[in-house]
Amino acid sequence: WSNEESRSSLEQPEGVTDRYTFAPDGWYLCRHCSNPIANESDHTEAEGHHRHTFTNPMGSTFRIACFHLAPGVLAVSEETTKDTWFTGCAWSIVVCSNCAAHLGWRFRGLKMQFYGLILSQIVHSPQPDV
């Protein structure tokens, strides 16, 4: 496992400008269907950072941002603590509530719950089309 706070080498989709920038009251949308996923004002920190880079046991690397609310996702798997990225937290897979694209994970501990959303799966928008 690795948790690096350096810039990711993942490429941005063409036409997307700095999707890692946090702007007040903007929205993050599903990259696949533009469904509103999380409001920018709901970003939070986990273990001292709101952005993390992790590599899972199969060798896939994910750059995520943490949000305490993500109303545009649905948890679709059983919770487990196996191979968790955050100490004391169980995780479950979350998908877009509109198109079912994998967008990240919900993490739950005794005194906290937050969502780790994969930055390459969401795009920033100042105002969602709802």
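What counts and what doesn't
Residues numbered from 1 in each chain as written. Predicted model: local features only at pLDDT ≥ 70, side-chain atom pairs only at ≥ 80, totals over all residues. Heavy atoms only, no water. Helix = DSSP H or I, 4+ residues; strand = E, 2+ residues; numbered from the N terminus. Buried < 20%, exposed > 50% of the residue type's maximum accessible area, 1.4 Å probe, protein only. Salt bridge = Lys/Arg side-chain N within 4 Å of Asp/Glu carboxyl O. Phe/Tyr/Trp six-rings, centres within 6.5 Å; stacked < 30°, edge-to-face > 60°.

Q: Help me out: how do you make sense of the side chain of Arg-63 in this one?
A: Mapped onto the elements of the fold, Arg-63 is located in strand β5 (residues 61–67). Given a relative accessible area of 3%, Arg-63 falls into the buried group.

Q: Would you take a moment to explain the pattern of salt bridges for this structure?
A: A pair can form between side chains of opposite charge whenever their charged atoms are brought close. Applying the stated criterion across every chain yields a total of two salt bridges. Taking the shortest distance from any N to any O, the salt bridge between Glu-79 and Arg-106 comes out at 3.3 Å. Of this pair, Glu-79 sits in the loop between β6 (73–75) and β7 (90–96) while Arg-106 sits in strand β8 (residues 102–108); the two residues are 27 residues apart in sequence, bridging distant segments of the chain. When the shortest N-O distance is used, the salt bridge between Glu-79 and Arg-108 registers 2.6 Å. One end of the pair, Glu-79, is in the loop between β6 and β7; the other, Arg-108, is in strand β8, and 29 residues separate them in sequence. Overall, the relative accessible area of 33% leaves Glu-79 in the partly exposed class. In this structure Arg-108 comes out as partly exposed when scored by relative accessible area, which is 35%. Taken together, the salt bridges that share partners define one network made up of Glu-79, Arg-106 and Arg-108.

Q: Help me out: how do you make sense of the packing of aromatic side chains in this one?
A: Within a pair of aromatic rings, the relevant descriptors are the distance that separates the centres and the angle that separates the planes. Applying the stated criterion across every chain yields a total of nine aromatic pairs. Residues Tyr-28 and Phe-67 carry aromatic rings whose centres are separated by 5.6 Å and whose planes lie at 65° to one another, so their mutual orientation is edge-to-face. On the criterion of sequence distance, the pair formed by Tyr-28 in strand β2 (residues 27–30) and Phe-67 in strand β5 is long-range, its members being 39 residues apart. Consider the rings of Phe-86 and Phe-107, whose centres lie 4.8 Å apart with planes at 80°: the pair is edge-to-face. Note that Phe-86 is positioned in the loop between β6 and β7 and Phe-107 in strand β8, a separation of 21 residues in sequence. For Phe-86, a relative accessible area of 2% translates into the label buried. The structure contains a cluster of three or more aromatic residues connected by ring pairs, namely Phe-54, Phe-62, Trp-85, Phe-86, Trp-105, Phe-107 and Phe-114.

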